[in-house]
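Structural characterization, general
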Amino acid sequence: MAASPSVVPVAVTAAVVPVLSSSSDFSNLREIKKQLLLIAGLTRERGLLHSSKWSAELAFSLPALPLAELQPPPPITEEDAQDMDAYTLAKAYFDVKEYDRAAHFLHGCNSKKAYFLYMYSRYLSGEKKKDDETVDSLGPLEKGQVKNEALRELRVELSKKHQARELDGFGLYLYGVVLRKLDLVKEAIDVFVEATHVLPLHWGAWLELCNLITDKEMLKFLSLPDTWMKEFFLAHIYTELQLIEEALQKYQNLIDVGFSKSSYIVSQIAVAYHNIRDIDKALSIFNELRKQDPYRIENMDTFSNLLYVRSMKSELSYLAHNLCEIDKYRVETCCVIGNYYSLRSQHEKAALYFQRALKLNPRYLGAWTLMGHEYMEMKNTSAAIQAYRHAIEVNKRDYRAWYGLGQTYEILKMPFYCLYYYRRAHQLRPNDSRMLVALGECYEKLNQLVEAKKCYWRAYAVGDVEKMALVKLAKLHEQLTESEQAAQCYIKYIQDIYSCGEIVEHLEESTAFRYLAQYYFKCKLWDEASTCAQKCCAFNDTREEGKALLRQILQLRNQGETPSTEMPAPFFLPASLSANNTPTRRVSPLNLSSVTP
């Protein structure tokens, strides 16, 4: 039933005036702490436990308030008093997940708080039934076929309330969630923006808005309230949009103004470093976070991804056992165990744990992506495609899922599909060399060699992670008989390998030295050709060719053949490889730096 218009403003004002007064100024941390404690209580009363936890954690990171400054609970209105018995009983049922029972006893209540819990119980009841049906009858890979039957009814009722301006900030939040679930994205964004204006301290509304913003341009057109909460929102959305430098700057500003003890901010900084593949920094921050908050489970699946990439088996094993002791039925725990089995190449067991994670939460993005990877390892391409598609349904910004789909279609030899998915991954991660190299390989297979060259050059320009872009570019130049450009690419490749100081076996090193030895030999630059030929002798696959070339050089020198000055080399090898440092002309690099396919 609709609440009485004459009473509603009183209830909202009494409960929310301190929240509405939040400004963008961080100078008064005591006032911010009061606001956080107030909103933590208001969200807890309405069963919004994640928002309540977030607010409480943030409040805990600020200095304690003296007794005289602690805020009293919001005053109770006449409607709250009338609904108190029904609300108290229903909240008890809600807390033990008896949602239908809670909704039954709240039917007909007029207060804002009771009405929200009534609608939210109906929504969660529909979600629970949908998830139960998914697990029981279809399994996680077909979960998209099951719908929450309560959504349409909820939309109709909340829409009437919205038009009559009878929804408070929490009601607007729930209306936005219902619209998002019905794929009415534009309407959902408008409602969430309205919710942030009415109740700016409710983190849940900001987070839902985050999930609907696809790029920075979209963010610019949003009319957001000028509140200190906006800074947390911007830091979070920048991380999601892979704008990591801006995100880290925002988090650093928040630490500087007084939130240095916030475990949420520390974890977000670790996630940001994980996203830009600064693995050492991310690992260091996660280890510090574990010392600060040893029973924390959030983000530990991201920590396990880092341990997986570094092949740190013992640390990953310890983390998995530790999380099992804390709570073995958490989604993050299942993902960590899945990563552990994957690192041990037990892919069937890994996939089983990712499926368990999805039974616990079918909307958990990381588990869908990781399960796709496991199906790829097991050569089950159709299941991998389904898993990646579900990951994209949950979050269209997940570049790993787009990249995984590209790899899957590459295995299936479907290059046009593959090109589409790699392009989407590249749009999300424009400065990730792996996406560009994959795009280049795709163009190469489609015989679009000019586009392939642009991709490989761009991959090198943004910082080639796998040190393969230059080799692939050099081979393309070879194929097109552009010998000077090919030689230049091989030279740069070798310089990069020797300058980074890593003792890593690079498979294409012998290929580079073989080509350069032959190139310098054709140029009649005996010293450089001899240096490269000697290097060839260090590799099994080019040893005989190197020896043969050295014999040829020796024979020509004995015959009095003089080096040529007509065909200049691009530039010589690093000083550590060549005794002759005579400068020669550099071939100008290709003009491809501005190209984004």
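Fair warning: this is a prediction, and the values are worked out from it, not measured in the lab.

**What about the overall build of the protein chain?**
Secondary structure assignment for the protein chain yields 30 helices and zero strands. Considering only intrachain contacts with a sequence separation of at least 6, the fraction spanning at least 24 residues in the protein chain is 60%. On the protein chain, roughly 28,600 Å² of surface is accessible, and the fraction owed to carbon and sulfur atoms is 52%.

**Regarding the pattern of salt bridges**
A complete count under the given rule lists 29 salt bridges for this structure. Ionic pairing is found between aspartate 100 and lysine 129, a salt bridge with its closest N-O pair at 3.1 Å. Of this pair, aspartate 100 sits in helix 5 (residues 99–106) while lysine 129 sits in helix 6 (residues 112–138), and the two are 29 residues apart along the sequence. Exposure remark for aspartate 100: the relative accessible area of 43% places this residue in the partly exposed category. Taking the shortest distance from any N to any O, the salt bridge between lysine 220 and glutamate 217 comes out at 3.2 Å. Residue lysine 220 and its partner glutamate 217 are located together in helix 11 (residues 216–220), separated by three residues, close to a single helical turn.

**So, the layout of surface pockets**
The computed volume of the second largest pocket comes to approximately 880 Å³. Arg277, Tyr308, Val309, His373 and Arg434 are the residues nearest the centre of the second largest pocket, which is lined by 26 residues in total. Contributions of two or more residues to the lining of the second largest pocket are made by helix 14 (263–275), helix 16 (300–309), helix 18 (331–343), helix 20 (365–377) and helix 22 (399–411). Broken down by class, the residue content of the lining of the second largest pocket amounts to 10 nonpolar, eight polar and eight charged.

**Points about the nonpolar core**
Among the nonpolar cores identified, the biggest contains 184 residues, and Tyr123, Leu209, Trp228, Phe232, Phe233 and Ile237 are the most heavily contacted of them. Ranked by residue count, the leading element in this core is helix 6, at nine residues. In terms of domain composition, this core takes at least three residues from each of domain 1 (399–505) and domain 2 (520–565). The residues touching leucine 209, leaving out its near neighbours within four places in the chain, are Ile189, Phe192, Val193, Leu222, Leu224 and Phe233.

Thresholds applied
- Residues numbered from 1 in each chain as written.
- Predicted model: local features only at pLDDT ≥ 70, side-chain atom pairs only at ≥ 80, totals over all residues.
- Heavy atoms only, no water.
- Helix = DSSP H or I, 4+ residues; strand = E, 2+ residues; numbered from the N terminus.
- Contact = heavy atoms within 4.5 Å.
- Areas by Shrake-Rupley, 256 points an atom, 1.4 Å probe, with all protein chains shown as cover.
- Salt bridge = Lys/Arg side-chain N within 4 Å of Asp/Glu carboxyl O.
- Buried < 20%, exposed > 50% of the residue type's maximum accessible area, 1.4 Å probe, protein only.
- 1 Å grid on protein atoms, 1.4 Å probe; cavity = no way out; pocket = protein on both sides within 12 Å on 5 of 7 lines; lining within 4 Å.
- Points joined across faces, edges and corners; volume = space filled by probe spheres on them.
- Nonpolar A, V, L, I, M, F, W, Y, C, P; charged D, E, K, R; others polar.
- Core = buried A, V, L, I, M, F, W, Y, C linked by side-chain atoms within 4.5 Å.
- Domains from an automatic or database assignment.

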